[in-house]
Amino acid sequence: MNGNPRTDGPSQDAQAQEAAATAAPEASTEQQQTPAQEAAPVVDAEKQRLEAELNAARRRVDQLARAYQELEKDREEFKQRLTRERERMMDVERGNVATTLLEAVDELDRSLAMSGGDVSSPLAQGVKMIRDGLLSKLQQMGIERIQVVGLPYDPNTAEATDMEITTSPDEDQKVVAEARAGYKLKERIIRPARVKVAKYIAPAQA
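How each quantity is defined
- Residues numbered from 1 in each chain as written.
- Predicted model: local features only at pLDDT ≥ 70, side-chain atom pairs only at ≥ 80, totals over all residues.
- Heavy atoms only, no water.
- Helix = DSSP H or I, 4+ residues; strand = E, 2+ residues; numbered from the N terminus.
- Buried < 20%, exposed > 50% of the residue type's maximum accessible area, 1.4 Å probe, protein only.
- Contact = heavy atoms within 4.5 Å.
- Areas by Shrake-Rupley, 256 points an atom, 1.4 Å probe, with all protein chains shown as cover.
- Pairing = 2+ DSSP bridges.
- Axes fitted to C-alpha atoms, helices over the stretch in contact; angles between N-to-C directions.
- Patch = residues over 30% accessible without salt bridge, like charges linked within 9 Å, V, L, I, M, F, W, Y side chains within 5 Å.
- Salt bridge = Lys/Arg side-chain N within 4 Å of Asp/Glu carboxyl O.
- pLDDT = per-residue confidence, 0-100.

Caption draft 1: Geometry of the overall build of the protein. For the protein, the helix and strand inventory stands at two helices and six strands. Reading the protein from its N terminus to its C terminus gives the helix and strand order α-α-β-β-β-β-β-β. Taking all 206 residues of the protein together, the buried fraction comes to 16%. Counting contacts in the protein only where the partners sit at least 6 residues apart, residues at least 24 apart contribute 68% of the total. Of the roughly 15,900 Å² of accessible surface on the protein, a fraction of 54% belongs to carbon and sulfur atoms.

Okay, structure coming up:
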C-alpha cells in the first residue's frame, strides 16, 4: 500500500456528475412542458374572444338586416300612400270637371223640356246630340248616374226636396220621383240627386 486513495470505484465527484446528467433530461422535459401547458389557456381564451366577436358580428348583421327590411317596408308603404293620394287628387279633379259638365247637361235638359217634347226639330236634335255627347264623355271618365227612383231614400246619395203622401205602407220613405239626377265617381258621390220622397199616412177612419 503506498497510501494513495483507491481509484477502482467511482469517486464522489463522478457520482455527482452522473446524477446531474441523469436529472438533467428530466429537468429539461419539465422545462419544455411548462410553456405548452401555459399556452393552452391562452389559446382557449383567444378562441373564446374570437367566438364572442363572431357572435356579436352575427347579431349586428341580423340587426342591420331587420333594419333594412323595415326600411324597405316603410318605403313601399310610402309609395302606396303616395299612389293612393295621387289617385285621390285626380279623382277630385275629375269630379270638379264632371260637375261643370253636369251643369251643362242640366241646361241642355231644360232646353229640351222647354221645346214642348218636340224632339223632331233640327234644334232639338242638335241639343240632344250635344247632351248625349257630354254624357258619353262623363261615362268615359268613370262617372255613373245614381239610380234612386223606386228605392228607399238614402240621404248619402240624394237630397229630399219634396214629399208625397202615400197610403201604402210599402211606399213609405221611398223615392217616387227625381228632380235632378245624381252622379258618382267610383264610390264617391260627386253630386247627390234631388228627389221626391213618399211618406206614409194611414187613411182616416170613417
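Still more to cover.
Caption draft 2: Structural view of the sheet that holds strand β3 (residues 175-180). Across the sheet, three strands lie side by side as β2-β6-β3; this open sheet has mixed pairing. Each edge of the open sheet carries a strand with a single partner, namely β2 (158-166) and β3. Between one strand axis and the next, the sheet turns through 25° on average, direction left out of account. As paired elements, β3 and strand β6 (residues 193-200) share four bridges and run antiparallel to each other. Opposite Glu178, over in β6, you have Val195 as the bridge partner.

Caption draft 3: Representation of the environment of Gly95 in the model. Assignment of secondary structure puts Gly95 in helix α1 (residues 12-114). For Gly95, a relative accessible area of 2% corresponds to the buried category. It is 8.9 Å that separates the C-alpha atoms of Gly95 and Arg191, two residues lying 96 residues apart in sequence. When sequence neighbours within four positions are dropped, the list of residues in contact with Gly95 reads Leu185, Arg188 and Ile190.

Caption draft 4: Structural view of a nonpolar patch on the surface. A contiguous nonpolar patch, built from Met163, Ile165 and Ile201 and spanning about 280 Å² of accessible area, is present on the exposed surface. Tracing the chain through its elements places Ile165 in strand β2.

Caption draft 5: Structural detail: the confidence of the model for the protein. Predicted confidence across the protein gives a mean pLDDT of 81, with 78% of residues reaching 70 or more. Taking the mean pLDDT of every element in the protein, the minimum, 79, falls on α1 and the maximum, 94, on β6.

Caption draft 6: A look at the environment of Ala177. Looking at the element boundaries, Ala177 is found in strand β3. For Ala177, a relative accessible area of 29% gives the class partly exposed.

Caption draft 7: Expanded view of the pattern of salt bridges. Considering all chains together, one arrives at 14 salt bridges under this definition. For Glu53, the salt bridge identified is with Arg49, shortest N-O distance 2.5 Å. Of this pair, Glu53 and Arg49 are both found in helix α1, four residues apart, which corresponds to roughly one turn of the helix. Overall, the relative accessible area of 42% leaves Glu53 in the partly exposed class.

Caption draft 8: A look at the sheet that holds strand β4 (residues 182-185). Taking strand neighbours across the sheet as the criterion, the three strands line up as β1-β4-β5 in an open arrangement whose pairing is antiparallel. In this open sheet, the two edge strands, each paired with only one partner strand, are β1 (143-146) and β5 (188-191). On average, each strand axis in the sheet is inclined to that of its neighbour by 40°, with strand direction left out of account. The pairing of β1 with β4 spans four bridges and is classified as antiparallel.

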